[in-house]
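Remarks on the overall topology
Chain residues, written in single-letter form:
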Amino acid sequence: MISALNRLVDLVEEHLTEEFDVDASARTLGTTEYHLRRMFSSLAGMPLSEYVRRRRMTVAAADLIRAEDDLLSIAVRHGYGSTEAWVGRPKGPAKQRN
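None of these values were measured; they are calculated from a predicted model.

Let us look at the packing of helix H1 (residues 2–14) against helix H4 (residues 48–66). It is the contact of H1 with H4, at a shortest axis distance of 10 Å, that shows an interaxial angle of 45°. Taken together, the axes of H1 and H4 lie oblique to each other. Classified by chirality, the crossing of H4 by H1 is right-handed. On the side of H1, the interface is formed by Leu8, Val9, Val12 and Glu13, while H4 contributes Leu48, Tyr51, Val52 and Arg55. In terms of residue class, the contact of H1 with H4 is built from six nonpolar, no polar and two charged.

Here is the structure:
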């Protein structure tokens, strides 16, 4: 089971800059999407989709720190359609204006 998790992480890393196809990855590993997601969550302690999102953010942040490209280019390269999609909306309760 650990080897399947390691292979899945490798597949995620190989496809960080494109849409990650969980079903195709499950077929590659000889299981179903349902079981793949359950196995990952059980072993990694977080859903697969959260792991993919965090890895993309981490790699994109590293690119941003290196400042080799502009913000929009980095966002698009890492699967975000715009800088707004990358940055997202602020977390926490919305503030009301008086």
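This is not the end of the story, as more comes after the structure.
By secondary structure assignment, the location of Ser25 is in helix H2 (residues 22–28). Non-local contacts of Ser25, meaning those with residues more than four positions away in its chain, are made with Leu8, Leu11, Phe20 and Leu36.

Thresholds, definitions, all that
- Chains are numbered independently. Their residues run from 1 in the order of the written sequence.
- At least 70 in pLDDT is required for a residue's local features to be given in this predicted model, at least 80 for side-chain atom pairs to be given and counted, and no such filter applies to totals for whole chains, interfaces and linings, which use all residues.
- To get the side-chain values, take all heavy atoms of the structure and skip hydrogens and water.
- For helices, the fitted axis covers only the stretch in contact; all axes are lines through C-alpha atoms, and the angles between them, taken along N-to-C directions, range from 0 to 180 degrees.
- Each helix is a run of DSSP H or I of at least 4 residues and each strand a run of E of at least 2, with the numbering of both proceeding from the N terminus.
- These descriptions rest on fixed angle ranges, namely under 35 degrees for roughly parallel, over 145 for roughly antiparallel, 65 to 115 for roughly perpendicular, and the rest for oblique.
- Left-handed is the label given to a crossing in which the near helix is rotated counterclockwise from the far helix by less than a right angle, and right-handed is the label when the rotation is clockwise.
- By the convention used here, residues are in contact when the closest approach between their heavy atoms is within 4.5 Å.
- In this classification, the charged set is Asp, Glu, Lys and Arg, the nonpolar set is Ala, Val, Leu, Ile, Met, Phe, Trp, Tyr, Cys and Pro, and all remaining amino acids, among them Gly, are polar.

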